[in-house]
Amino acid sequence: MLHESGHLHTGALHKVNSPFQLVEQNEYRADADAFRRCLPPDEIRTAMRAGYTEPWQLAEYFDLDEDYIKKALHYWTQCRGINFNQ
């Protein structure tokens, strides 16, 4: 649901038969928007300080799928340079 709301919030919409590059760009934009709105670094840090350090623990904390948490962590660390160890 977070991902789909990212599509609506950013206008990152495409037709089913759109070129692959456009689809991937829109998928990235939707995820990035959802991460910024619903899983910002400060909230992830708060959870980590409370002892939720593994992706599965964060998934339980945020009541989200573990794969989506992993995707969010990748976005923040690899794409945005956030260091959660500080």
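Residues numbered from 1 in each chain as written. Predicted model: local features only at pLDDT ≥ 70, side-chain atom pairs only at ≥ 80, totals over all residues. Heavy atoms only, no water.

K.L.:
An account of the overall build of the protein chain is requested, with residue identities and associated values reported.
P.N.:
Helix and strand counts for the protein chain come out as five helices and zero strands. Reading the helices (α) and strands (β) of the protein chain from amino to carboxyl end gives α-α-α-α-α. A total of 86 residues make up the protein chain; the buried ones form 36% of that total. Restricting to contacts in the protein chain with at least 6 residues of sequence separation, those with at least 24 account for 55%. Taken as a whole, the protein chain presents about 5800 Å² of accessible surface, with 52% of it coming from carbon and sulfur. (Helix = DSSP H or I, 4+ residues; strand = E, 2+ residues; numbered from the N terminus. Buried < 20%, exposed > 50% of the residue type's maximum accessible area, 1.4 Å probe, protein only. Contact = heavy atoms within 4.5 Å. Areas by Shrake-Rupley, 256 points an atom, 1.4 Å probe, with all protein chains shown as cover.)

K.L.:
For helix α3 (residues 41-49), give the residues involved together with the corresponding values.
P.N.:
Among the residues of α3, those classed as buried are P41, I44, R45, A47 and M48. One face of α3 carries all of its buried residues, which in axial projection span an arc of 160°. In α3, the exposed positions angled more than 90 degrees off the buried face are occupied by D42 and R49. Where α3 is buried, its residues touch α4 (55-62) and α5 (66-79). Of the residues one or two after α3, G51 is the one with positive phi, at around 105°. (Arc of directions from axis to C-beta.)

K.L.:
Could you give me a rundown of the side chain of R45, with the residues and numbers involved?
P.N.:
Counting through the fold element by element, R45 comes out in helix α3. In this structure R45 touches I82, N83, F84 and Q86, once residues within four positions along its chain are discounted.

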